[in-house]
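Each chain, letter by letter, is given below.
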Amino acid sequence: MDLLVNLYSRKLDELRTRVQDVEATIRVALPPEQHIIKDWVRSHFSEYWVSEVSAAMAHQPPGCLIATVDGQLVGFACYDATARGFFGPTGVSEDQRGKNIGLALFYHTLAAMKAHGYAYAVIGSAGPVDFYVKAAGAMPIPSDKEDIYQGLLRIKKPEAN
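These lines cover the structure that appears in this document, whether it is placed above or below. Nothing here was measured: the structure is a model prediction, and the numbers come from that model.

## Things to note about the overall build of the chain
- A tally of helices and strands in the chain yields 5 helices and 7 strands.
- When its helices and strands are written in sequence order, the chain yields β-α-β-α-α-β-β-β-α-β-α-β.
- Rg of the C-alpha trace for the chain: 16 Å, near the compact-globule value of 15 Å for 161 residues, within the 12% margin.
- In terms of its C-alpha atoms, the chain occupies a principal-axis envelope of roughly 55 × 40 × 30 Å.

## Notes on helix 1 (residues 10-19)
- The complete set of buried residues in helix 1 reads L12, L15 and V19. The buried residues of helix 1 occupy one face: seen down the axis, they fall within an arc of 55°.
- Where helix 1 starts, the residue carrying a side-chain oxygen 3.0 Å from the main-chain nitrogen of K11 turns out to be S9.

## Observations regarding the pattern of salt bridges
- Under the criterion given, the structure shown has 4 salt bridges.
- Between R27 and E33 there is a salt bridge, with the nearest N and O atoms lying 2.5 Å from each other.
- Looking at R27, the relative accessible area reads 30%, which means it is partly exposed.
- By relative accessible area, E33 is classed as buried at 18%.

## Structural notes on a nonpolar patch on the surface
- A cluster of nonpolar side chains, namely Y48, L152 and I155, defines an oily patch on the protein surface of about 290 Å² accessible area.
- On the secondary structure map, Y48 appears in helix 3 (residues 47-57).

## A look at the packing of helix 2 (residues 34-44) against helix 3
- One way to put it is that helix 2 packs onto helix 3 with a least axis distance of 8 Å and a crossing angle of 155°. With respect to their mutual orientation, helix 2 and helix 3 come out roughly antiparallel. The two elements helix 2 and helix 3 meet at a crossing, and its hand is right-handed. Contacts between helix 2 and helix 3 involve Q34, I37, K38, V41 and R42 from the former and E47, W49, V50, V53, S54 and M57 from the latter.
- Here the contact of helix 2 with helix 3 is composed, by residue class, of 6 nonpolar, 2 polar and 3 charged.

## Focus: the side chain of Q96
- Mapping Q96 onto the fold places it in the loop between strand 5 (86-92) and helix 4 (101-115).
- Side chain to side chain, Q96 and K99 meet in a polar contact 3.3 Å long.

## Section: the nonpolar core
- Residues V5, F106 and L110 are the most contacted members of the largest nonpolar core, which totals 33 residues.
- Of the residues forming this core, the biggest block, 9 residues, is contributed by helix 4.
- Once residues lying within four places of it in the same chain are set aside, the contact partners of L110 are V5, L7, L12, A121 and A136.
- The next biggest cluster of nonpolar side chains, apart from the first, holds 14 residues, and it includes W40, V41, M57 and C78.

## Regarding the layout of surface pockets
- Within this model, the largest pocket holds a volume of roughly 830 Å³.
- Lining the largest pocket are 37 residues, and of these W49, P89, T90, P128 and Y132 sit closest to its centre.
- Of all elements in the fold, only helix 3, strand 5, helix 4 and helix 5 (129-136) reach the threshold of two or more residues within the lining of the largest pocket.
- Among the elements that take part in the lining of the largest pocket, strand 5 stands out by supplying 7 residues, more than any other.
- Broken down by class, the residue content of the lining of the largest pocket amounts to 18 nonpolar, 14 polar and 5 charged.

Criteria and thresholds
Residues numbered from 1 in each chain as written. Predicted model: local features only at pLDDT ≥ 70, side-chain atom pairs only at ≥ 80, totals over all residues. Heavy atoms only, no water. Helix = DSSP H or I, 4+ residues; strand = E, 2+ residues; numbered from the N terminus. Rg over C-alpha atoms; globule rule 2.2 N^0.38 Å. Buried < 20%, exposed > 50% of the residue type's maximum accessible area, 1.4 Å probe, protein only. Arc of directions from axis to C-beta. Polar contact = N/O pair within 3.5 Å; in protein donor to acceptor, adjacent residues only side chain to side chain. Salt bridge = Lys/Arg side-chain N within 4 Å of Asp/Glu carboxyl O. Patch = residues over 30% accessible without salt bridge, like charges linked within 9 Å, V, L, I, M, F, W, Y side chains within 5 Å. Areas by Shrake-Rupley, 256 points an atom, 1.4 Å probe, with all protein chains shown as cover. Axes fitted to C-alpha atoms, helices over the stretch in contact; angles between N-to-C directions. Parallel < 35°, antiparallel > 145°, perpendicular 65-115°, else oblique. Left-handed = near helix turned anticlockwise from the far one by under 90°. Contact = heavy atoms within 4.5 Å. Nonpolar A, V, L, I, M, F, W, Y, C, P; charged D, E, K, R; others polar. Core = buried A, V, L, I, M, F, W, Y, C linked by side-chain atoms within 4.5 Å. 1 Å grid on protein atoms, 1.4 Å probe; cavity = no way out; pocket = protein on both sides within 12 Å on 5 of 7 lines; lining within 4 Å. Points joined across faces, edges and corners; volume = space filled by probe spheres on them.

Coordinates in, geometry out; function isn't part of it.
Right, here's the structure in full:
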């Protein structure tokens, strides 16, 4: 399910307040860090997301934000990767979940999108729908199961004998 977030909603002000004390540094990724981020995303998530990080990093400034704790990468969030105006993918390492780092990445990425002139953000094929609805008032986009990922090439896993 795709979701739509109004970047001018008061919910973003509330979200900023909720994440201001997160104990992680959130910042735009630098091009020389791209290989580190891609390796981390590959080991924690998927090759598909590595492709999206590549697309987001190709923008100037990069459309990829990272979260670090004590100089170590613990999370990332992208925008304008699959399509313009899209938020995601995003992820946080398992040992850092529950600390609002993902929420902070979400807020800072939406704020970056707003600063670049977007009025809305689309969250494509949103996983934790309730998370996005509660955090930013995201609204479902009716689609009849038609979205940008229709026909996406997928790696076929070998069948077991």
